[in-house]
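# Geometric and topological summary
For reference, the chains in residue letters:
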Amino acid sequence: MQRSTCLRVVAVLAEPSKAEVYQPAKPHAPAPYHRKAAPRNNKGERRPTDLELYNGLWLGQTVLGRVVVSTRKGARVEILEAHNTPTDNLRHRHGWMPITDGPLAVRDTAEVRECQGLSRPLVPVGLIRPFQVKALPTPEAVTGNPNNTAGPLLSAFLHDRRTMWHRGWQLQSCNREDRENVMMRVEGVNGGGLVSRVCGLPIFVPYSQLHKDRDLRYSEEELRERYLGKDIEVAVIEVDMRSQKLVASVSRGLSNSIMRRFHVGHLVEGMVRRIDRNGVFIGIKDTMETGLLHISNVSRKHVPDVSEVFSVGEMVWVMVMGFEPGFGKVSFSTAELEVEDGDIMTNKESCWENREAQQKKFLDHLASLQEGDFNFELFYESKRN
């Protein structure tokens, strides 16, 4: 009788492959270019790094350069001037601009973009223009280059984009200080508002900033019929760097157009918004702006209580007597509309009907005073003070 043999397989150990054998990590080779600037302190100041001191340039600096060689991959640029840096202190007099950092072509309309194409234009040899320092070569990159041709990476694109956003801030400042508007052609309409481009920057007009009846709600199709493809005047009210766009307002643009027509003696229609002991605050029609009708300018006669003359919500006509630069504060008068002293308290309709005749009489008198070097605005300001 034969006895059976039992074998128990406990485990099978495979021979380790060469890929599984642990190998120590090799140190990374130093990056040939450094692109990260030093952080700023609480005051917004930034001290130059050792690499920036080594190269004589700092990241983000603007330099003036001349294109000496232009190829399909980029251009070699001779650095002529460096802002706040003597050219004698520069370690490299030449830099390299990759083709991806070529100049930014401004194409505000779809027609121009279609004609010019989507590729950036080539830079011609001999072109002199500003560039922005994008990256600096490390000392190891300079040492490892036998021809010593390693230089800073320059970008015309970053400089042009920074210039465009600076222009966006200027447009916002002009709206706030001088009531300046900008023209835009509506290229698209969506559920949120209107979209276009101005000075190469995307611009967006929210639905809430359209001039419309507050009780009327436009559909997207109605917005297309009303605005698409048309040139409209808007005011830049915000520069949204997070969303990379300008925010504009049609209603503010209309308000600016109305306010910029103001002059001493100009007739304005408005609504009484608020009354206090010093006078009446008049809301200018078709705008969100308010001017003051001081109690001393209500009538040529003494007015004991201005609330007995006007009521909130009443539509009135007033004459502009003065305003601050930027139309921050506007002063009105109804006394100049009176045919007879005290008409504003007894017969306001007569003042409204004869407003143009009274305006002409006022402007003629003002012109005769100005011929004798009389400054009405200074006189009116001293009278108020």
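Look above for the structure.
Residues numbered from 1 in each chain as written. Predicted model: local features only at pLDDT ≥ 70, side-chain atom pairs only at ≥ 80, totals over all residues. Heavy atoms only, no water.

## So, the pairing of strand 13 (residues 267–276)
Threshold: Pairs of strands are assigned from DSSP output, requiring at least two bridges between the strands. Helix numbers and strand numbers start at the N terminus; a helix is a DSSP run of H or I with at least 4 residues, a strand a run of E with at least 2.
In this sheet, strand 16 (residues 315–323) lies alongside strand 13 in antiparallel orientation, the contact comprising five bridges. Its bridge partner being in strand 16, Met-271 is matched across the sheet by Met-315. Counted along the chain from strand 13 to the antiparallel partner strand 14 (residues 279–284), the turn is two residues long.

## Looking at helix 6 (residues 250–259)
For clarity, the cut-off: Relative accessible area decides the class of each residue, using a 1.4 Å probe on protein chains only: under 20% of the type maximum gives buried, over 50% gives exposed, and in between gives partly exposed. Any pair of residues with heavy atoms lying within 4.5 Å of one another is described as a contacting pair.
Counting buried positions along helix 6 yields seven of 10 residues, so the element is predominantly enclosed. Taken together, the buried residues of helix 6 touch helix 4 (156–178), strand 10 (201–206), strand 11 (231–240), strand 12 (245–249), strand 14 and strand 17 (330–333).

## Quick notes on the packing of aromatic side chains
Spelled out, the test is: Aromatic rings from Phe, Tyr and Trp, with only the six-membered ring used for Trp, were paired whenever their centres fell within 6.5 Å, and each pair was classed as stacked if the ring planes differed by under 30 degrees, edge-to-face if by over 60, and tilted otherwise. Geometrically, a lysine NZ or arginine CZ counts as sitting over a ring once it is within 6 Å of the ring centre and also within 35 degrees of the ring normal.
Per the stated rule, a full pass over the model turns up zero aromatic pairs. Above the face of the Phe-204 ring, Lys-245 is positioned so that its terminal group lies 4.6 Å from the ring centre. Sitting over the ring of Phe-281, Arg-274 keeps its end group 4.1 Å from the ring centre.

## Here's the deal with the nonpolar core
What counts, and what does not: Here, nonpolar core means buried Ala, Val, Leu, Ile, Met, Phe, Trp, Tyr and Cys residues that are tied together by side-chain atoms lying within 4.5 Å of each other.
With 29 residues, the main nonpolar core has Phe-262, Ile-282, Leu-293, Val-298, Phe-310 and Phe-332 as its most contacted residues. Elements represented by at least two residues in this core include exactly helix 6, strand 13, strand 14, strand 16, strand 17, helix 8 (348–353) and helix 9 (355–370). If one sorts the elements of this core by residue count, strand 16 sits on top with five residues. Core analysis: the next-biggest nonpolar cluster, separate from the first, contains 24 residues, Leu-201, Leu-223, Ala-248 and Val-250 among them.

## Observations regarding the pattern of salt bridges
Heads up, the rule is: One side-chain nitrogen of Lys or Arg within 4 Å of one carboxyl oxygen of Asp or Glu is enough to make a salt bridge.
Counted by the stated rule, this structure contains 12 salt bridges. When the shortest N-O distance is used, the salt bridge between Arg-300 and Asp-341 registers 3.8 Å. Separated by 41 residues along the polypeptide, Arg-300 in the loop between strand 15 (290–294) and strand 16 and Asp-341 in the loop between strand 17 and helix 7 (343–346) bring together distant segments of the chain. Exposure remark for Asp-341: the relative accessible area of 44% places this residue in the partly exposed category.

## Side note on unusual backbone geometry
Note on backbone geometry: most residues besides glycine have negative phi, and most peptide bonds are trans. At Arg-179, a residue that is not glycine, the phi angle is positive and equals roughly 60°. Counting through the fold element by element, Arg-179 comes out in the loop between helix 4 and strand 7 (182–185). Arg-179 gets classed as buried once you look at its relative accessible area, which sits at 8%. If you check the backbone angles, Gln-244 has positive phi at about 55° while not being a glycine. In this structure, Gln-244 sits in the loop between strand 11 and strand 12.

## Remarks on helix 4
Quick reminder: α-helices carry 3.6 residues per turn. Residues three or four places apart thus point the same way. Using the following cut-off: Residue count minus one, scaled by 1.5 Å, sets the expected span of a helix. The term polar contact refers here to a pair of N or O atoms within 3.5 Å; inside protein, the definition further demands a hydrogen-donor-capable atom paired with an acceptor-capable atom, and it admits residues adjacent in sequence only when both atoms are side-chain atoms.
A rise of 1.5 Å per residue sets the reference length of helix 4, with its 23 residues, at 33 Å; its end C-alpha atoms lie 32 Å apart and thus fit the reference within 8%. Within the span of helix 4, buried status applies to Ala-156, Phe-157, His-159, Asp-160, Met-164, Trp-165, Gly-168, Leu-171, Gln-172 and Asn-175. Capping of helix 4 at its N-terminal end is provided by Ser-155; its side-chain oxygen lies 3.4 Å from the backbone amide nitrogen of Phe-157. In the segment just after helix 4, Arg-179 is the residue with positive phi, at about 60°.

So yeah, pure geometry; function would need other evidence.
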